[in-house]
Every structure is written in C-alpha cells, then in structure tokens.
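# Working through the structure, step by step
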Amino acid sequence: FFPDAGTEWQVHYLLQAQKDPSLLVSAAAVWKPQRGTGEGLKTLGPKLREGLLTALGQAASLCPAIEASLKESTPVGYALDTAGAFRFLSEEAALLEQNGFGVLLPSRWAGQRRAKLATRAQAKTRFESKAGMTLDRVLDVEWEIILGETGLTPKELLSLAQLKAPLVRVRGQWVQLSAAEIQAALALQQQKGAAFTGRDLLRLALGADAVKGLEVSRVNADGPLGELLAGLAQGDSIAPLPPPSGLTATLRPYQGRGYAWLEFLTHWGLGACLADDMGLGKTVQTLALLQRMREAGESRPALLVCPTSLIGNWRKEASRFTPQLPVMVHHGSGRDKGEAFAAQARNHAVVLSSYGLLHRDLSSLQDVEWAAVILDEAQNIKNAETRQAKAARALRAARRIALTGTPVENHIGDLWSVQEFLNPGFLGNAARFKREFFLPVQVQRDENVMQRLQRLTGPFILRRLKTDRAIIQDLPDKLEMKVYCTLTREQATLYAAVVQQAEAALDGAEGMSRRGLILSTLLRLKQICNHPAQFLADHSPTPGRSGKLARLTEMLEEIQEADERTLIFTQFAEMGHLLQKYLQQQGAREVLFLHGGLSKTQRDRMVERFQNEADGPPVFILSIKAGGAGLNLTRANHVFHFDRWWNPAVENQATDRAFRIGQNRQVEVHKFICLGTVEERIDELIERKQSLAEKVVGSGESWLTELSTDELKNLFQLRAEAVED
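Residues numbered from 1 in each chain as written. Predicted model: local features only at pLDDT ≥ 70, side-chain atom pairs only at ≥ 80, totals over all residues. Heavy atoms only, no water.

### What about the side chain of Lys548?
Secondary-structure assignment places Lys548 in helix 25 (residues 547-561). We classify Lys548 as buried; its relative accessible area is 0%. Engagement of the side chain of Lys548 in a polar contact is seen with the side chain of Asn530, the distance being 3.0 Å. Apart from residues lying up to four places away in sequence, Lys548 is in contact with Cys485, Thr486, Cys529, Asn530, Phe642, Asp643, Phe672, Cys674 and Glu679. (Helix = DSSP H or I, 4+ residues; strand = E, 2+ residues; numbered from the N terminus. Buried < 20%, exposed > 50% of the residue type's maximum accessible area, 1.4 Å probe, protein only. Polar contact = N/O pair within 3.5 Å; in protein donor to acceptor, adjacent residues only side chain to side chain. Contact = heavy atoms within 4.5 Å.)

See below:
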C-alpha cells in the first residue's frame, strides 16, 4: 500500500508462501506470469487463481472496495482517494489483520499518523523585575502552530482547512489530522495578543491544560516569568540565598537549598511541599523562611498548624533558631477567639495551632489575613473530605507550605488533597483528577499518565532522602534532637496531684527522709510523663492517654515506612512491657524487649534476630540498665530515649549500641521531653551546665536532692503549655 506521486493511493494484492513467508508475489503475476516469477509461483503451489479469488471473496465482506474490485476479471488491487486511504489506514487495515490477512503499510506511516497539531506560546511580560510581576497579572500571548517540531504558517493552515480531508500532505509527508484540530489551530493563530494570566501560562507550561483542544508543547517567556519557568525546572538547584541575619543556626548545604526553594516558589504565590525525610531539618528550613520574610518587612503573622503533640516542639525550636520571632500558641481551653484572637495574632510573627482546632476555630482563623499558612505533618489532610482538610483550604494566605515525610501515604488521592491546599484548582476538581489520573495510575498503572502527573506536581514537591548521595555527604554521623511532647489532661491531673502532695511534705522534711521524698517524687512524675497506666499500675487501656506514646507512634510509622530499624530505651521494665504490647498491636509485628529478667541465651538470641534476620523485628525495646552497654546493635539507625536518665554519660553509652564501629548510616537520636514539666526543667539545667556535666550531674538523679526546697518546687511545677487541648 503506497501513495503514488500525486494524490491517488493504490492497494495491491499479494500472495505469500506459507513455507517461506518472505516470498511475496503480486496478483498481476498470477493472472499474467512474467519472466522470473515462475519459481515463485511453483513454490506457492497449484490452483493459485482459485485460491486468490477465494481469499479476496472472504476479504470482500470486510472491505467494500475489495468487493468492488472483484467485478474485474483479473483483480490486482484498486485505487483510493485520500479519504478512502484514511479509512483504509485507520479502520480496514486493522480489521483485515484481525481476520488473518497480512497487511503491509508504508514504513513511515506508524510515526506519521500520530503526528498532531500543537502550539507554542510566546508571552510578553512587559515587566522588568519581580516587583512588577505576579502570577495574576494578565499577559499578552502569541501562538505558533506546530506539527512535530515544525512551525506552520497561516497560509499552510488555511490550505489544510480547505482540503477537508483527514489524511493530508504537509511538506512532503502524509499525516492524519482532524478537521476540528485544524479549525482550532486556525482560530488560535488568529488570536493576536490573547490575554492569559501568568498562572494560566504556568498550567499550560506544565501540561495541565490544553488550548482550544490543542496540546501546548512549550511556553516561552521573557523577564520574571521566564525566570520562574526556568527555576521550576531546576528544583533545589536554583540560586542560593544568604540565610537571614536573625537565624541562630548554620544551615547545611541541602538545607540552604531547601530554604531558597521555599522562598522561590512561595514568593510567586505558588504552594510548596517540602517532603524531606525525617531528621533532615524541615523545621529549621521553614523557620529560616519565616525569619527572612519578617526581615524583608512582612508584618502579617504566619499560621503553623501541626499535630497537638508537636506544638511544644515548634515553640522550642522557634525560640532556639529564630528567637527574634514572637510566637503565639493558640491552644487550650482559655484561648482567645474572634476579634480578640485576631488582635493577638497580628502582634506575633508566628501563631501555632493544631489540626483539632483548625475546623473548630475556622471562623476566627479566617478573620486574619495570613502571610503564610504552613501545615506540618500535612498527611493529616490526605482525605480531602475531612473537616480539617476543607478548613485548611478555606484559609486566606499569601503563601502556602506543606511539610511531610510522606507526601503519598496510601494512594495518589493523598497527593490531590495536599496539592489542592497548596495550589487550588491546579490538578482540576476531584472528579476530573479521578478520571484523568487516579484510575489510570492506581488501577491501570499507565506509565504515560504517571509521567504526566509527575511533570505537573514535581515542581511543587521537594523530596530528599537520607540515602541521596548529595545529602549523605552533608550529614553528620550522629544527629541528636529533642522531641517535645505534651501531657494529656489525665496526665496533667495526676501530675498536679503528686506535686501538691510533695510540696506539702517538703516543708517539714529533713535528712534522709527529705532525700527519699525527692527521689520518690521524681520517680512518680517520670512515670506519669511516660503513661498513666505505668504510674497507676492498674493494667488499664493504653491508647490516647500519653503525649509521648502518641508521638512515638507517629514517628515509628514514618521510620518503618522507610524500612529502618529502631532502638527504644526506657529505665522502667513495666514501661518496656507496656510499649512492647502496644506497639505489637499497632504495627501487627513482633517487638523485642530486652530487660534484666532474661537469661544470657535469650538476650543473645534477640540480638542475633535483630541484627541478622532480614525480616526480623524492626523495633527493639531495651531497659537502659540491662541493654545500655556491651551490645552491638548497628542494624538500627534510630535511637529513642523514651524517658531520660538525666545523666548524659549513661544516655550516650546507650546510644552507642547503634552508633559504633560497623554502623554505615547516620544515627538519629530522639530524646523525649514533656513540655512544662520536671523533664523540661532538668534538661534545661543540664544544658546550661553541659560543659561541667560529668561533675555537676554525677550519677543517676541523686544530685537533684541537693537543691533547695524553693528550687525543687520550681522544678516540679506544672506549666500551662504542658497540657494538650
């Protein structure tokens, strides 16, 4: 089937030998044998003419033109115009093949028939600097129609339209084009200086939309918009930014790149999802941005929403890294609402609140125009239909940021919900996203659709893993961090009762009696901070009663998602048993617990399983007395100190079960501290005297008995920020 030199197309009938498929003989040679075809005809066998006519008779029922050709006494093929050729190529050829007929098409047809008209956009920004340009500005756009990579002139397009044929010859090549495509291209080309916003053009550049049904192959722009389009393709390789002067931290190279990326995207009003692995410093990168905004003259507050268990952590980290930023905690039963809240918020740089209050206090939160809304652990809005996800989308904010180590937890529907908060409408509504992306990707595993989705969302998600080579070289061998937790109301009530008892008893206590009272009070307060069930020793239910346990559960989910292993140290055997039972139920996997009641054989077997079994238990709980020394547990790269020994040397020795020779990964050490309690105050006391820690702290907690009664009362006192809402 080949086109002749003109506009006529010809279908030729050929016979093929069964024993030698490479042998093809034309039907013309069957009716009138030619010199050199004799051997081929013999190979095909006897009764060729009868066989040819029988086969053509069968094909006639599939193709009307073949039926018409049988009216000839010696049929050898037939001619077609371009409309008939298109019908044969697009419909009849496949039908013939499905019914056992061989069809030979032009070698270039497969590529040419998929050629599509597309368009390139040239935007005229008319702004020389970013100061005069936002994505909501209306821009003049000129369109160039292209076929493949070749531009078409208006005259060529008009000629194509006049042909009114689905198969057309363009610059020497036959291609399939629909009349609708050609008309759309004509209409677009005739639009001189069409008006589009920068945001519209961005969607077109990333493939989110078509224009009049035509795919946009590229968007060219000069000035600031051109810089934005180029920057989106660079990820965290965009130009570095100097850290703000008020930041009291040294950003690691990859953190500096992340901070610059956040500034670059959000400056343009685009939402950004910082999806770094846990431990890479999403908090300090975000605080660096907030500090920069403040120093640049931003007077509006930023709202940071996080799980209740992280509010204290953010407050402490802000005071540590950005002490110049006034921080307000919107939390607890005595919190302001309405105009009182709005007035208070405007006097602060950062307002911290929780997901639980996001929808409950939405009317108050909507009264404030936020410089930025930041969602930490943004997977909390993965279900777009929840009240908190809807509330997050309803807030007014100049900048929107999502922080998460798991941008997609269950399926790509999670991604739509987060992106709808960050860049509303960019992925279409929920129904369109389900139709265009969710079903093709999640159900059909369509690679092309996956790539398109990645192209659309990739510029707005910065995902760095601890295993990335560029990250590994920036990381220290050991990263220590404090995890600040809140108390539940039950914990706070028990804590206050113990403190009240102790204060009354301290006034009259002396000598060994006083020493014993102090140590027993410290012990009881520690137990309460861990879990009410440990303090009460009543085997009561575990879930929902401890801020520490809630935070541990959240962090372990992310760690196990990365297929990493964990050590958890506690000084209480009863707490170890409680953790073991609870974590096994939550994760439906075995959890090991090494304590003083085990034989050497049992301990050795546990260590062997944790270290060497490929599918061994990923979590290993250890009593700090029984497992704090002498063990080699380098399979773990996370170490949790669930309760504190208040002796740095003892804690470091326990940490060294993982951080020792043979460890080939960064070790992350998480030290749990309950905010507003004795745990926080003793940690601050040790921190202030760290240079003399060994001398000052000594061994265990006995050094605390030397404090005065007033110092002890201050140490024990429960502060308001300790309690979750």
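### Some thoughts on the sheet that holds strand 24 (residues 638-641)
Hydrogen bonds between backbone atoms are what pair the strands of a sheet, whose relative direction is either parallel or antiparallel. The strand order across the open sheet formed by six strands is 20-25-24-21-23-22, and the pairing between neighbours is parallel. The outermost strands of the open sheet, each flanked by one partner alone, are strand 20 (478-485) and strand 22 (592-594). Here the strands of the sheet are splayed against their neighbours by 20 degrees on average, with no regard to which way each runs. Here strand 20 pairs with strand 25 (residues 667-674) via eight bridges, running parallel. Looking at strand 25, one finds that Leu479 is bridged to Glu668. (Pairing = 2+ DSSP bridges. Axes fitted to C-alpha atoms, helices over the stretch in contact; angles between N-to-C directions.)

### Digging into unusual backbone geometry
Most peptide bonds take the trans form, and the phi angle of most residues other than glycine is negative. Phi angles above zero are rare outside glycine, and Arg445 is one such case at about 55 degrees. Within the fold, Arg445 resides in the loop between helix 19 (430-443) and helix 20 (447-457). Given the relative accessible area of 53%, Arg445 is considered exposed. Even without being glycine, His539 reaches a positive phi, approximately 60 degrees. Its place among the elements puts His539 in the loop between helix 24 (532-536) and helix 25. The exposure class of His539 is exposed, given its relative accessible area of 79%.

### Things to note about the confidence of the model for the protein chain
Taken as a whole, the protein chain shows an average pLDDT of 83; of its residues, 88% reach a score of 70 or greater. Per-residue pLDDT, averaged within each element of the protein chain, yields its smallest value for strand 1 (residues 2-3) (34) and its largest for strand 17 (residues 370-376) (97). Note that pLDDT drops below 50 for residues 1-6; the model gives that stretch 17 contacts with residues more than four away or on any other chain. Below pLDDT 50 for its whole length, residues 691-699 participates in twelve contacts with residues either more than four positions away or in separate chains. (pLDDT = per-residue confidence, 0-100.)

### Quick word on the pattern of salt bridges
Side chains that differ in sign of charge can pair as their charged atoms come close. Across all of its chains, the model carries 32 salt bridges by this definition. In this structure, Glu339 and Arg346 form a salt bridge, with 3.4 Å as the shortest nitrogen-oxygen distance. In this structure Glu339 comes out as exposed when scored by relative accessible area, which is 53%. Using a relative accessible area of 42% as the deciding quantity, one classes Arg346 as partly exposed. Each of Lys478, Glu480, Lys482, Arg644, Glu651, Lys671 and Asp683 takes part in a single network of salt bridges with overlapping partners. (Salt bridge = Lys/Arg side-chain N within 4 Å of Asp/Glu carboxyl O.)

### Digging into the packing of aromatic side chains
If you walk through the whole model with that rule in mind, you get seven aromatic pairs. Ring geometry for Phe610 against Phe620: centres 5.3 Å apart, planes inclined by 50 degrees, an arrangement best described as tilted. Placement of Phe610 in helix 27 (residues 600-612) and of Phe620 in strand 23 (residues 619-623) is noted, with a sequence separation of ten residues between them. Taking 5.9 Å as the distance between ring centres and 45 degrees as the angle between the ring planes, the aromatic pair formed by Phe642 and Phe672 counts as tilted. Taken together, the positions of Phe642 in the loop between strand 24 and helix 29 (648-655) and Phe672 in strand 25 put the pair 30 residues apart, joining distant regions of the chain. Taken individually, Phe642 and Phe672 each receive the classification buried, so the pair is uniform in this respect. Linked through ring pairs, Phe640, Phe642 and Phe672 together constitute an aromatic cluster. For Lys548, the ring lying beneath its charged end belongs to Phe642, and the centroid distance is 5.4 Å. (Phe/Tyr/Trp six-rings, centres within 6.5 Å; stacked < 30°, edge-to-face > 60°. Lys NZ or Arg CZ within 6 Å of the ring centre and 35° of its normal.)

### Quick look at the packing of helix 11 (residues 253-267) against helix 12 (residues 282-295)
Two numbers describe how helix 11 lies on helix 12: the axes approach to 9 Å, and their chain directions differ by 50 degrees. One way to sum up the angle between helix 11 and helix 12 is to call them oblique. The two elements helix 11 and helix 12 meet at a crossing, and its hand is right-handed. The residues of helix 12 that touch helix 11, namely those facing Tyr254, Gln255, Gly258, Tyr259, Leu262, Glu263 and Thr266, are Val284, Gln285, Thr286, Ala288, Leu289 and Arg292. (Parallel < 35°, antiparallel > 145°, perpendicular 65-115°, else oblique. Left-handed = near helix turned anticlockwise from the far one by under 90°.)

### Focus: the pairing of strand 7 (residues 138-147)
Two faces belong to every sheet, and in a regular strand the side chains alternate between them. Of the strand pairs in this sheet, strand 6 (residues 117-124) and strand 7 are connected by eight bridges, and their pairing is antiparallel. For Ala118, the partnering residue across the bridge sits in strand 7 and is Ile146. Direction of pairing for strand 7 relative to strand 8 (residues 150-151): antiparallel, over a ladder of two bridges. From the neighbouring strand, Leu147 faces strand 8, where its bridge partner is Thr150.

### Overview of the pairing of strand 21 (residues 566-570)
The buried count for strand 21 comes to five of five residues, which makes it a mostly enclosed element. Residue alternation in strand 21 divides its side chains into two sets, Thr566, Ile568 and Thr570 and Leu567 and Phe569, and both sets are buried. One ladder, built from five bridges, connects strand 21 with strand 23; its direction is parallel. Bridge pairing in strand 23 links Leu567 to Phe620. Direction of pairing for strand 21 relative to strand 24: parallel, over a ladder of four bridges.

### So, the sheet that holds strand 13 (residues 272-274)
On the basis of which strands lie adjacent, the open sheet formed by seven strands has the order 15-16-14-17-18-13-19 and parallel pairing. Every interior strand has two partners, whereas the edge strands, strand 15 (327-329) and strand 19 (461-462), have only one. As defined by bridge partners, strand 14 (residues 302-306) adjoins strand 16 (residues 350-354) across five bridges and the pair is classed as parallel. Across the sheet, residue Cys306 finds its bridge partner in strand 16, namely Ser354. With respect to the sheet, helix 13 (residues 311-321) is in contact with strand 14, strand 15, strand 16, strand 17 and strand 18 (397-403), its orientation differing from that of strand 16 by roughly 160 degrees.

### Some details on a nonpolar patch on the surface
A surface patch of nonpolar side chains, amounting to about 280 Å² of accessible area, comprises Leu14, Leu24 and Leu104. Summarising the element assignment, Leu24 is placed in strand 4 (residues 24-26). Overall, the relative accessible area of 41% leaves Leu24 in the partly exposed class. (Patch = residues over 30% accessible without salt bridge, like charges linked within 9 Å, V, L, I, M, F, W, Y side chains within 5 Å. Areas by Shrake-Rupley, 256 points an atom, 1.4 Å probe, with all protein chains shown as cover.)

### Things to note about helix 13
Buried residues dominate helix 13, accounting for eight of its eleven residues. Taken together, the buried positions of helix 13 are occupied by Ile311, Gly312, Asn313, Trp314, Lys316, Glu317, Ala318 and Phe321.

### Some remarks on the environment of Ala720
Counting through the fold element by element, Ala720 comes out in the segment after helix 32 (709-716). Assessed through its relative accessible area of 72%, Ala720 is described here as exposed. The sequence separation of Ala720 and Leu675 amounts to 45 residues, and the corresponding C-alpha distance is 9.3 Å.

### Remarks on helix 32
Residues of helix 32 that are buried include every one of Leu712, Leu715 and Phe716, and no others. Buried residues along helix 32 cover an arc of 90 degrees about the axis, so they all sit on one side. Buried residues in helix 32 make contact with helix 22 (489-506), helix 23 (511-530) and helix 30 (678-688). (Arc of directions from axis to C-beta.)

### Some words on the packing of helix 22 against helix 32
At a minimum axis distance of 10 Å, the contact between helix 22 and helix 32 shows a crossing angle of 175 degrees. Between helix 22 and helix 32, the angle falls in the class roughly antiparallel. Counting all contacts with helix 22, which are made through Tyr495, Val499, Glu503 and Leu506, the residues of helix 32 involved are Thr709, Leu712, Lys713, Leu715 and Phe716. Of the residues belonging to the contact of helix 22 with helix 32, the class tally is six nonpolar, one polar and two charged. (Nonpolar A, V, L, I, M, F, W, Y, C, P; charged D, E, K, R; others polar.)

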